[in-house]
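Descriptive structure summary
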Amino acid sequence: MARLHVNGAVREFEAEGDTPLLWVLREQLGLTGTKYGCGVAACGACTVHIDGVPTRSCVRPVSTVGPNEKVVTIEALSPDGSHPLQKAWVALDVPQCGYCQSGMLMAAAALLKAKPNPTDADIDAAMTNICRCGTYNRVRAAIKAAAQGSTRSAGLAIQHADGSVT
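Let me sum up the structure you'll find in this document. (Residues numbered from 1 in each chain as written. Predicted model: local features only at pLDDT ≥ 70, side-chain atom pairs only at ≥ 80, totals over all residues. Heavy atoms only, no water.)

So, about the overall build of the protein. Broken down by element type, the protein carries 6 helices and 5 strands. In the protein, the succession of α and β elements from N to C terminus is β-β-α-β-β-β-α-α-α-α-α. Projected onto the principal axes, the alpha-carbon positions of the protein cover approximately 55 × 30 × 25 Å. Each of the 166 residues in the protein was classed as buried or not, and the buried ones make up 42%. The long-range share in the protein, meaning contacts at least 24 apart out of those at least 6 apart in sequence, stands at 53%. Surface summary for the protein: the accessible area is close to 8,400 Å², and the carbon and sulfur share equals 51%. One finds the centroid of the 15 positive side-chain charges in the protein at a distance of 6 Å from the centroid of its 14 negative side-chain charges. (Helix = DSSP H or I, 4+ residues; strand = E, 2+ residues; numbered from the N terminus. Buried < 20%, exposed > 50% of the residue type's maximum accessible area, 1.4 Å probe, protein only. Contact = heavy atoms within 4.5 Å. Areas by Shrake-Rupley, 256 points an atom, 1.4 Å probe, with all protein chains shown as cover. Lys, Arg positive; Asp, Glu negative; His and termini not counted. Charge placed at Lys NZ, Arg CZ, Asp CG, Glu CD.)

Quick look at the structure:
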């Protein structure tokens, strides 16, 4: 029986050492918010934090995650959806299909922790995740909105189905 420190708790699992962390999180621990996209660390759908560093979990063997390293998945970013990025994502209607969004949010959270007021260049450098729907402008706007604490200054005028404009 092996152990991981995930989302604030030590969790036990059984898997071969070369099993990707992603599969342990999803299949062994039931944390399905982290998604499988490409399997080669290119798309970022599988992004989690390991000791605060955004990490592509699809290529990280579980045996390389030390017992004292803290893994955080999208489920623990903010369980009640109150993280500023989650609020900005909703306010600016960032997701379309939504598949990549947990990885995007985790990458963006690490960016804001490292650079609380990121420039466009900072965002470009940090946000290497792929979105098939092409929501990159909304992602950028949501990151800026979360950094500024307001969706009003995000730079997008989005008209919602209810007629309101963000």
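Let us keep going from here.
The strand order across the open sheet formed by 5 strands is β2-β1-β5-β3-β4, and the pairing between neighbours is mixed. Of all strands in the sheet, those bounded by a partner on one side alone are β2 (9-13) and β4 (53-56). The average angle at which neighbouring strand axes cross in this sheet is 40 degrees, direction not considered. For strand β3 (residues 47-50) and strand β5 (residues 70-72), the ladder comprises 2 bridges, and the chain directions are antiparallel. (Pairing = 2+ DSSP bridges. Axes fitted to C-alpha atoms, helices over the stretch in contact; angles between N-to-C directions.)

So, about the side chain of S78. The topology assignment puts S78 in the loop between α2 (74-77) and α3 (84-91). You can call S78 buried: its relative accessible area is 8%. In this structure the side chain of S78 is engaged in a polar contact, spanning 3.5 Å, whose partner is the side chain of Q86. Excluding residues that lie within four positions of it along the chain, S78 makes contacts with H83 and Q86. (Polar contact = N/O pair within 3.5 Å; in protein donor to acceptor, adjacent residues only side chain to side chain.)

Another aspect to go through is the pairing of β2. The side chains of a regular strand alternate between the sheet's two faces. For strand β1 (residues 2-6) and β2, the ladder comprises 5 bridges, and the chain directions are antiparallel. Each bridged residue has a counterpart across the sheet, and for V6 the counterpart in β2 is A9. In this structure, the hairpin formed by β1 and β2 is closed by a connection of 2 residues, where N7 is found at a positive phi of approximately 50 degrees.

If you look at the biggest cluster of nonpolar residues, it comprises 25 residues, and the most contacted ones within it are L85, W89, M104, M127, V139 and I143. Of all the secondary structure elements, the ones that give two or more residues to this core are α2, α3, α4 (101-114) and α6 (136-148). Ranked by residues supplied to this core, first place goes to α4 with 8 residues. Non-local contacts of M104, meaning those with residues more than four positions away in its chain, are made with W89, M127, N129, I130, C131, Y136 and V139. Of all hydrophobic cores here, the second largest spans 13 residues; its members include V6, L25, L29 and V71. (Core = buried A, V, L, I, M, F, W, Y, C linked by side-chain atoms within 4.5 Å.)

Attention shifts here to a nonpolar patch on the surface. On the surface, W23, Y36 and Y99 cluster together into a nonpolar patch covering about 290 Å² of accessible area. Secondary-structure assignment places Y99 in the loop between α3 and α4. Of the residues examined, Y99 reaches a relative accessible area of 41% and is grouped as partly exposed. (Patch = residues over 30% accessible without salt bridge, like charges linked within 9 Å, V, L, I, M, F, W, Y side chains within 5 Å. Salt bridge = Lys/Arg side-chain N within 4 Å of Asp/Glu carboxyl O.)

A packed helix pair is summarised by two numbers, namely the angle formed by the two axes and the spacing between the axes. The geometry of α3 relative to α4 is characterised by a closest axis approach of 10 Å and an angle of 130 degrees between their N-to-C directions. Viewed along their axes, α3 and α4 adopt a mutual orientation that is oblique. The element α3 and its partner α4 pack so that their crossing is right-handed. Contacts from L85, Q86 and W89 in α3 reach Q101, M104, L105, A108, A109 and L112 in α4. Its residues assigned to classes, the contact of α3 with α4 shows 7 nonpolar, 2 polar and no charged. (Parallel < 35°, antiparallel > 145°, perpendicular 65-115°, else oblique. Left-handed = near helix turned anticlockwise from the far one by under 90°. Nonpolar A, V, L, I, M, F, W, Y, C, P; charged D, E, K, R; others polar.)

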